[in-house]
Structures are given as C-alpha cells and as structure tokens.
Amino acid sequence: MTTLARSKNLPSKLGSLAALVLLGSFAAFDAAATESKSFVMSSFWHAANNLEGDCPGGLNPRYKEQWAKNLADLGYSPREVGEIMERNVNGDALDYEHNELMRIMVNRGRINGQAVNAYAHPVAVKDPHLKSWNGKLAYGFDLDGKGVTPSSFEDPESHEKGIKHELARVLGCNEQFRSRLREGGAAWQFLWTAVKESAPVWTITVTGDDLSKDGPITIQFGRGMEGVKRNGNGTARADMTYRADPDPRFANNIYKGKIENGVISVTEFGHLFLIQEPLLYPRFTLDKFHARMQMNKNGVLEILIAGYQPIDEIYHWCGSANICADTNFCAEPPGLYHLMRKFADYDPDPQAGQNRAISATYYLEAVPAYLVDVQKGR
Amino acid sequence: MKRRLLLSTILAIGGALTTFADARAEAGQAAAASDGAAVMRRLTPEQYANVIEEVFGPAIELGGRFEPDLRVDSLNEVGSGRVSMSATGMAQYYLMARSIASQALSEKSRKVMLPCAPASAQEPDDACAAQFLNHAGGLLFRRPLTESELSIYVKTAHEGAVTTKDFYTGLSLSLASVLSSPQFLYRQTTVASRPDHNGAYTLDAYAKATRLSFFLWNSMPDAALMAAAEKGELNSDKGVAKQISRMLSSPRLSEGVRAFFADMLQLDGLSTLAKDSVLYPKFDTIVARDAREQILRTITNHVVDNRGDYRDIFTARTTFLTQQLASVYQVPLVNDVPNGAADTWQPYTFAAGDPRVGILTQIAFVALNSQPGRSSPTLRGKALREVIMCQKVPAPPAEVKFDIVQDTSNPEYKTARARLTAHRANPVCAGCHKLMDPMGLGLENFDGSGAFRTKENETVIDTSGELDNVKFNNAVELGKVVRENPATASCVVDRMVAYGLGRPVTRTEMAWVDLVKRAFAKDGYKIPDLMQTIARSPEFFRSERRTTETQKASAN
C-alpha cells in the first residue's frame, strides 16, 4: 500500500525539505522505515574541478586546428592542408555531400586500409595523443578502497584522499569540458540543455526511521514518467508530483546508506543502472556505485555520484553526434576515446587485458518532489 | 475608392462616437444621482466576452484590450456605473468591434450568421441587411431596435456596400457600428412610463431582463427571458419569480456567482500580481491565474453545487488544485496526462490537521494581500476587515515611516509580529494597526507567495491573535472566528445587493437590506437563496425619481 504523509522535523541541513513520500515498496527493504523524502534531478554534468595551470602542456586544440592536424596525419601536404581548410572550413558541417573537409574527417578511420566512419570506429583512427589533465584535486570517492595510489586524487571539498576519478584526466584539458563543480562546462551545458526538457527525471528517494537524525537509511535511484517541471524563472520547481517509472530494470538501484551531520551517503557500493535521454546516455551504468549528497542553502540537493563506467557508454554522446560533436561540444571524439582507453582503470577485457571502464564522478542537483507509485495507486 | 472607404469608416465611427457621447453624458448624470438612481453600467471585460460568445459563438477572438475597471465602494460592478471612456479606449472598442464583425461575417461564418442571402454579393441588399441587423442588434442591445436605430444601421450597411462594392463588408461595417455603440457597451436602465405611488419608477421589462441575467448569469438574457420580456410577463411578480426560478436552476448560475465573488474578493488584483522571483520562484503568472480559478471553483462548488452555508467557505477543507498550485501548497497531486499536456483541475481535500482550511489560507487571499517580497499581516487584516467584513479601515497618514516593517533582515525584529509591534510604538500608527494586525498575524504561517512556513528568520512564528475580542491561535481557528462573526454574513449581503443594483445601498433601502439579511440567515446562509431574495424584491428593479428626471432631460 502506498501512503502519503507530511515529513517530521528534519535536521537543520535538510530543514527546507518539505516533500515527503512514503512508498510502501520500501517496507521490503526496511521494515522500520517511517518516512521517505524524494527528489528529482534538475541538473547533471561531469564533476569537474579545473583550475588555472592544471594543463601544463596547454589545452587541446580547438576543432579547426585539430582538423588541420588530422589532415596532416592522413598524409596531406602542408599546402594541401591549407587549401582544403581554406576551401571548406567555414562550410556547413551538416552539408556532408558538398563539403570535402567533412567527408575526409568523417571517413578518416581505416580498417584494413578501407575508409570507415571515424566516429563509429574511433579505434580505427590514429591516436592524436590529446593532452590529459594533471590536477591533484578531483571530486569523487575511493572507489577501489585501495586508498592513496600514485594516480589518485584528493577531493577538494571532503578532503578525502585516494579518490579515483580518471575521467577527469580525459576531459580536463578540453576547453568545452573545463569548469568548476557547480558551473558545468560548455559541453555539458549544451548537452543538458538539449535533454533536460524532454528526458524523464531521475528520482532519488531517501528512506529511514527518522530523517531528522543521523542513522542508517536506504537510498533509491529511479526514474519518473515526466520531465522536470520549472518555475517561471527557469529553475527547477520544488514540490511537484511525479509518477515513478515502474520499469523493473531500476528495481535494484537501492542501496544502504547513512545520514551523518546532514550528509547523506551510500555505504553499500553496488551497481547503478539508469536510462537517460538517447542524446546523452541511453544507458547510464556505474559499478561500485558511490554517492554523497547534501542540501544547500537554496533548498537544492547537491549530489555526487561515482563509479566505474563503461567507456563505450561515455563515448556514445560524443561519437553518435558524428562530426557535429566536433563543432558543438566535443572536439575530436576519436581522440577522447583513445584517452579513455589509456586511463580506463576497471573491468579488463579477459582476452586483450584492455580496461573497458573508467572511474568517473558526476554532479547532480535535485529538488524536493512527491513521487507516486502509479502501479500501487495512492 | 480608398477615399470612399475611409469616409464610410469615419461615418461608422462617427455615428458610434456621437451616440456614445450622448450616452456618456447621460451615464455621468445618472452616476451623479446618489439616492437610488438607476445607473447605466459599462460591460465588464468578462461580460463583453460572454455576450460576444453568446451571440457569435466561442470561436470569435476579441483581440483587443479593455479600459481598466474602476472599483467604487469595493466593487467594480459599482464602478462600472461611474466609469468614463477615453478616446483611446473607444478606439480599442472600435478595433475589437471591427475584428468581431469581420470574423462573424467571414466567408466561413456568414452562412450560419445570416438568416438570408443578398441578391448580389457585390451590391447592397437593404432587406437582407435589415433582417440580420434587427436580429443581431436586438441581441446585442438586449432589447428590440427602434425603427430609427435600425434605419441608421441599414443605411450604414448600404453605404458601406456601395463604397466597397461588397455587401458583406458593408454589413460588417454596420455591425461594427452596433458593437461600438453605447447601447451595446453599456447596460441601459430604461424605466416604465409611470411612477408608483411613492414617485419611484420600476425598470421596464427589457431592463429587468438585462438586470436579472447579468446578476444571475453575468451575461445577456437568453431567448426565454427575452421572450418573457416581450410578452410582458416580467411586469408581474409572478412572471419575474418564474424566470428567476428557471435561471437559478440553470448551470449558468455558477457563472454569475463566480463573477460576484471575483468582484467581491477583488481577484482582478491577481492578474497584475508580481512577486520577487528569487524569494518566491514558484509564484508565476500560471500560479496567479490558477489561484484565482481555485478560489472561484472552491466557492462555487460549495455554495452552488453543494448548496452549502456561505460561512463554511472559511472553514472548508475541500478545494480544487492543479499541479502547479499543489507544489506551492506542498501536497502531492498526480496529473495523469502525457508530458506537455495541459494541467488538469482535480478535487482535493486537505487532511485533518493540515493548516490549509478555508479560503483565507488560499494563495488567492494570502498572496494577493502581501507585499512582493514579504507577507503582510496588515494588508491581510485590512482585507479581512474591508473585503470580507465590509468594515472601513482608515488610510495611513501621509508621513508615516515604514522602515521597521519593511526591513525583514533586521536582527532585532525577526518576525512580522516583532516588526509590527515596534511600528505600533508610534501612536499615530497604533490606532489603525490594532484593527488589522491581530487578525492578519493569524495568517503568518503563509509567506508572501502563500507557501506554508513555521519560521521566519529561524524564529518560530506566533500566529495567535484576536478578532473583535475573540481570540484564536492559528489560521484554522481564525477561519472559525471569521465564520462566526456576524459581519461576515452581513457583508456578503451588502455586497451582493450593491452588486445587483450597481450602486451603493441608499439609506431608504437599509430596511429592505435588513430583511434580506434576516432571510439569508433563516435560509441557512445559502447564496442562491440570497440571490433569489434580492432578485424577487421590487427594490431590485426600482429606480428613484432623479433618474427619471435625468432620463427625461436627456431624451429632450
């Protein structure tokens, strides 16, 4: 049975939360559960912490410069490169049929000497050796539990050491991705803006005996049936009602966790599976899933989620946009794919030994909401 | 060609303006008469839209803007008998008239609208034009056209058709002239030819029909009411009672009740209500629009659909919500429609123990009577006194400083109660604030946008107060106190009488109003019964002598 009720008094750091939903399904996980609070995601991007000077070799080239380099790598002479660029570089990137440069860039992959789509087959493109990020402070968690290692980071806010977050190295020296945590880089802003109105919301539900106190809780991630609702000023609207997506694929996204000093965190590191807008992440999976969240003074829940993510899933939004990605938000996708292979740190291929997943941390914002189980009624 | 068309248009506008100027003078004189004189009221925007829909169908787009309403004695309906019309306002009415006429006689609509076809579409056809204008004009004027009126409008159609070489364009110009005339824009109050033994006059049958239909339905008389007027049935009490009974049982009664309460509660303020989007991000134009609809749905459902006790609107937990409103009220509400589909209205009952009880806790009251960036116990108390209980609160003196009240971040005064207490230290302020603040403080759990809160500046809000020496602890108890206060029931009667008459109640009518109040109480405070009592009273149709004199003078 699903019931709806008001919240008890909440701890000061969670005090502005008023939305409360008791979902009967939680009884299965915590028989003593007496209250739940739900939230819907209002922002989503990579948890970056880019500072001046953290790319000692400079940033990776912008797309026009990269295209010229790619032409040279393909064997074009400097004069030919100049002429091709001159003739085509300002052309319409979508006009594949009439733009010689676009055709060359798209078909620059080589498999057995045959030209193939570079975006669909990034390993068929010669590694352009993009520069990687060299910062020391990165958001995230000690995903493997091995503590400080030569490649680990320190979290800039929790100051936990031994942070595993290799995706930060891959993206950190590309202008489109560089940002601070709560800003979101240009690429992510572009992607999120494109998907946020149409993508069904991700939902987060926290359940516990008494959410006003420190103690054990359960945290469930899921999806709603509606897109995020907004205020007149464009910000996500709090306290709206959403229908929970009953898709059984989300049923296992439930984790043990705790509240400690107003900080909610996952303590049982399982597997996260979610679905997002096809433009971004049709599938979004994280192994050894970690999460930490806290309410800010504006009543917005700030969330870090992290885990090991298949690099092919990350590459999807970059590669599927084909050459449009170059000009819009992701210069040199095949080069990024090579970087991800280089820094992948999890799930080695049993045959080749190549790691297939990379440690990654994402920053989410969420607002209080009512989540209703449509299958069980109100 | 262009010149002739221009001349024809000027002829049409000129005709309208000339008659308008006469009528405006007449209306002005009538408004100046203060003692029971019937007034000629300008159609409100809603009434205008209702009439156009009745006559030409719902597809017609008005596409213009109206001159602002004037609130007199707390009612726009009273103000509608006092308003003038600027040249710009008249131009707007004429533009709307042209647009409506052109849509009504468009190629697609004319077959339905016209009872006849012209002999030639390129030439005048006076017979066909007369047939149409007589019918449409009768509906729009809420009475049969006089011969001279019809003759002028047929002539305008004729001239227009000759000038434009198009029968329909000519007819459209004439219809625009009808729609721009004071006989349409104002509700006339023609009186019967002979006074009663006291020297007062009663409205004639068509004026009675118009008064009844706008009072009960907020629109023009329907065919049955017009027929009753034509047959003389409205000249007898029995005939009037029969029509009132029929009208009260119509679903259109809800429209009349909505219009009355929208006016009484001054909900027009919601259409221009702005809030600080940083402090109150949820409050936008959609919430303001829905808040108006919520309170009107709540009231009509209670007093019309359920025939409930009027006073219970201050204590009822039942209402209607959209998802947008539900988010402000912080309650769940499933909208079982596809993404992007329009929000739907759903009945909702606030749970026992919930602080939302009655219309005083609705956004339409607490947000409307607040400042853009903070709540206002003073404004809320003032609205309670003036709007709900018909009591007068003096305006603040000119030189009063509001610094303490306005500074919500002053660490010395963390709550509105503390700030107002400090403000009342000024004896000049204390007298009037004592009338308002103790009531308004009971609603302090609702911030400037109407959202619930328990604290202000991290300080627990004290919502205790008193109304006319009756103490209460919170908004729920305040609702009960307001419900039981005799001024509450008395006020709605006063307002409804003034609303129906279009003017304040006169001294000589007070005895009648007292009787109406007693009947209201005896009938269990039922709004439809109250409307019936008022509408069946001879006083409802009576016009004192001064109006008669004015009309005679004007006619001469």
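Since the structure is predicted, the reported quantities are computational estimates derived from the model, not experimental observations.

Caption draft 1: Focus on the overall build of chain B. Check the secondary structure of chain B and you find 25 helices and 10 strands. Sequence separation of at least 24 residues holds for 71% of the intrachain contacts in chain B that already meet a minimum separation of 6.

Caption draft 2: How the structure looks around the overall build of chain A. Tallying secondary structure elements over chain A gives 8 helices and 15 strands in all. Counting only residues that meet the buried cut, chain A has 56% of its 378 residues in that class. For chain A, the proportion of contacts with a sequence separation of at least 24, taken over those separated by at least 6, is 63%. Of the roughly 15,800 Å² of accessible surface on chain A, 50% is carried by carbon and sulfur atoms.

Caption draft 3: Here's a closer look at the interface of chain B and chain A. At the interface, 21 residues of chain B touch 20 residues of chain A. Around 1,700 Å² of area is buried between chain B and chain A when both sides are counted, 43% of it from carbon and sulfur atoms. At the junction of chain B and chain A, the tally comes to 2 salt bridges. Of the charged contacts, one joins A:R237 and B:D284 as a salt bridge, the two residues approaching to 3.7 Å between their closest N and O atoms. Looking at side-chain class alone, the side of chain B that touches chain A contains 10 nonpolar, 7 polar and 4 charged residues.

Caption draft 4: Structural detail: the pattern of salt bridges. On inspection of all chains with the given rule, the structure shows 45 salt bridges over all chains. A salt bridge links A:K164 to A:D144; the shortest N-O distance between them is 2.9 Å. Of this pair, A:K164 sits in the loop between β5 (161-163) and α4 (167-171) while A:D144 sits in the loop between β3 (114-116) and β4 (153-154), placing them 20 residues apart in sequence. Judged by its relative accessible area of 6%, A:K164 falls in the buried class. A residue is classified by how much of its surface remains accessible, and A:D144, at 29% relative accessible area, is partly exposed. Between B:R419 and B:E456 there is a salt bridge, and its shortest N-O distance comes to 2.6 Å. Taken together, the residues span a long stretch of sequence, with B:R419 in helix α19 (residues 416-423) and B:E456 in strand β6 (residues 455-456) at a distance of 37 residues. A single salt-bridge network, built from bridges that share partners, covers B:D309, B:R311, B:D312, B:R483 and B:E484.

Caption draft 5: Main features of the pairing of strand β10 (residues 263-266) of chain A. Residue and element names in this part refer to chain A. Summarising the sheet, strand β9 (residues 254-260) and β10 pair through 4 bridges and their orientation is antiparallel. Residue pairing across strands places K258 opposite S265, the latter belonging to β10. Between β9 and β10, which pair antiparallel and follow one another directly, the connecting turn spans 2 residues, one of which, N261, has a positive phi of 55°. Both β10 and strand β12 (residues 284-295) contribute to a ladder of 2 bridges, which runs antiparallel. Paired with S265 across the strands is R292, a residue of β12.

Caption draft 6: Quick peek at the confidence of the model for chain B. All names here are of chain B. Mean pLDDT over chain B stands at 88; residues scoring 70 or higher make up 91%. In the model, residues 1-34 has pLDDT below 50 throughout and makes 49 contacts with residues more than four positions away in sequence or in other chains. Counting contacts from residues 547-556, a segment whose pLDDT is below 50, to residues more than four positions away or on other chains yields 12 contacts.

Caption draft 7: How the structure looks around the nonpolar core. Core analysis: the largest hydrophobic core is formed by 101 residues, its most contacted members being B:L212, B:F261, B:Y310, B:I388, B:V492 and B:I527. When residues in this core are grouped by element, the largest group, 10 residues, is from helix α22 (residues 486-501) of chain B. If you look at the next biggest cluster of nonpolar residues, it comprises 87 residues, including A:L130, A:I219, A:Y255 and A:A306.

Caption draft 8: Structural detail: the packing of α22(B) against helix α23 (residues 510-522) of chain B. Residue and element names in this part refer to chain B. Where α22 meets α23, the axes come as close as 10 Å, and the angle between the chain directions of the two elements is 125°. Relative to α23, the element α22 is oriented oblique. Here the hand of the crossing between α22 and α23 comes out right-handed. Contacts from A489, S490, V492, V493, D494, V497 and L501 of α22 reach α23 at W512, V513, V516, K517 and F520.

Caption draft 9: Highlighting the packing of aromatic side chains. Following the criterion strictly, the structure yields 39 aromatic pairs over all chains and no others. Taking the centre distance of 5.1 Å and the plane angle of 65° together, the rings of A:Y281 and A:F284 count as edge-to-face. Given the relative accessible area of 0%, A:Y281 is considered buried. In this structure A:F284 comes out as buried when scored by relative accessible area, which is 0%. When the centroid spacing of 4.1 Å and the interplanar angle of 10° are considered together, the rings of A:Y308 and A:Y346 count as stacked. Of this pair, A:Y308 sits in strand β13 (residues 301-310) while A:Y346 is found in strand β14 (residues 346-348), placing the two residues 38 residues apart along the sequence. Note on A:Y308: relative accessible area 3%, which makes it buried. Linked through ring pairs, A:F44, A:F177, A:W188, A:W192, A:W202, A:Y281, A:F284, A:W317 and A:Y362 together constitute an aromatic cluster. Here B:R211 stacks its cationic end above the ring of B:F540, 5.8 Å away from the centre of that ring.

Caption draft 10: Fine view of helix α11 (residues 223-231) of chain B. All names here are of chain B. Along α11, the positions that sit buried rather than exposed are L225, M226, A228 and A229. Angularly, the buried residues of α11 cover 155° about the axis, an arc narrow enough to put them on a single face. Of the exposed residues in α11, the ones pointing more than 90 degrees away from its buried face are A223, E230 and K231. Buried residues in α11 make contact with α6 (126-141), α10 (205-216) and α12 (237-248). Once α11 finishes, G232 follows within two positions and takes phi at roughly 85°, a positive value.

Caption draft 11: Region of the structure containing helix α8 (residues 167-179) of chain B. Residue and element names in this part refer to chain B. Under the 1.5 Å per step criterion, the end-to-end length of α8 is 18 Å for 13 residues, consistent within 8% with the ideal 18 Å. Most of α8 sits out of view: 12 of its 13 residues are buried. One side-chain oxygen of the residue at the start of α8 lies 2.8 Å from the amide nitrogen of Y168, identifying that residue as D166.

Caption draft 12: Region of interest: the packing of α6(B) against α8(B). Residue and element names in this part refer to chain B. Running from N to C, α6 and α8 point in directions that differ by 25°, and their axes come no closer than 11 Å. Taken together, the axes of α6 and α8 are roughly parallel relative to one another. The element α6 and its partner α8 pack so that their crossing is right-handed. On α8, the residues that touch C128, A129, F132, L133, G137, L140 and F141 of α6 are F167, L171, S174, L175, V178 and L179.

Caption draft 13: Up close: the state of the cysteines. Residues and elements named next belong to chain B. Applying the stated criterion to the full structure yields 3 disulfides over all chains. One disulfide bridge connects C116 with C128, the sulfur atoms lying 2.1 Å from each other. In this structure, the disulfide formed by C116 and C128 twists by about 95° around the S-S bond and is classed as right-handed. On the criterion of sequence distance, the pair formed by C116 in the loop between α5 (110-113) and α6 and C128 in helix α6 is long-range, its members being 12 residues apart. Under the relative-accessibility criterion, C116 is labelled buried at 18%. Paired by a disulfide, C390 and C491 hold their sulfur atoms 1.9 Å apart. Taking the sign of the S-S torsion, about 70° here, the bridge from C390 to C491 comes out right-handed. Separated by 101 residues along the polypeptide, C390 in the loop between α17 (377-388) and α18 (403-406) and C491 in helix α22 bring together distant segments of the chain. Judged by its relative accessible area of 25%, C390 is partly exposed. Residue classification places C491 among the buried residues on the basis of a relative accessible area of 1%. Counting only the cysteines that take part in disulfides, in the order they occur along chain B, gives the pairing 1-2, 3-4.

Caption draft 14: Here's a closer look at the environment of B:E466. Residues and elements named next belong to chain B. Assignment of secondary structure puts E466 in strand β8 (residues 465-467). Taking the C-alpha atoms as reference points, E466 and P438, separated by 28 residues in sequence, lie 5.5 Å from one another. Aside from chain neighbours lying at most four places away, what touches E466 is P438, M439, K471 and F472. One polar contact links the side chain of E466 to the main-chain amide nitrogen of N469, over a distance of 2.9 Å.

What counts as what
- Residues numbered from 1 in each chain as written.
- Chains lettered and ligands numbered in written order.
- Predicted model: local features only at pLDDT ≥ 70, side-chain atom pairs only at ≥ 80, totals over all residues.
- Heavy atoms only, no water.
- Helix = DSSP H or I, 4+ residues; strand = E, 2+ residues; numbered from the N terminus.
- Contact = heavy atoms within 4.5 Å.
- Buried < 20%, exposed > 50% of the residue type's maximum accessible area, 1.4 Å probe, protein only.
- Areas by Shrake-Rupley, 256 points an atom, 1.4 Å probe, with all protein chains shown as cover.
- Buried area = accessible area lost by both parts, 1.4 Å probe.
- Salt bridge = Lys/Arg side-chain N within 4 Å of Asp/Glu carboxyl O.
- Nonpolar A, V, L, I, M, F, W, Y, C, P; charged D, E, K, R; others polar.
- Pairing = 2+ DSSP bridges.
- pLDDT = per-residue confidence, 0-100.
- Core = buried A, V, L, I, M, F, W, Y, C linked by side-chain atoms within 4.5 Å.
- Axes fitted to C-alpha atoms, helices over the stretch in contact; angles between N-to-C directions.
- Parallel < 35°, antiparallel > 145°, perpendicular 65-115°, else oblique.
- Left-handed = near helix turned anticlockwise from the far one by under 90°.
- Phe/Tyr/Trp six-rings, centres within 6.5 Å; stacked < 30°, edge-to-face > 60°.
- Lys NZ or Arg CZ within 6 Å of the ring centre and 35° of its normal.
- Arc of directions from axis to C-beta.
- Expected span 1.5 Å × (residues − 1).
- Polar contact = N/O pair within 3.5 Å; in protein donor to acceptor, adjacent residues only side chain to side chain.
- Disulfide = S-S within 2.5 Å.

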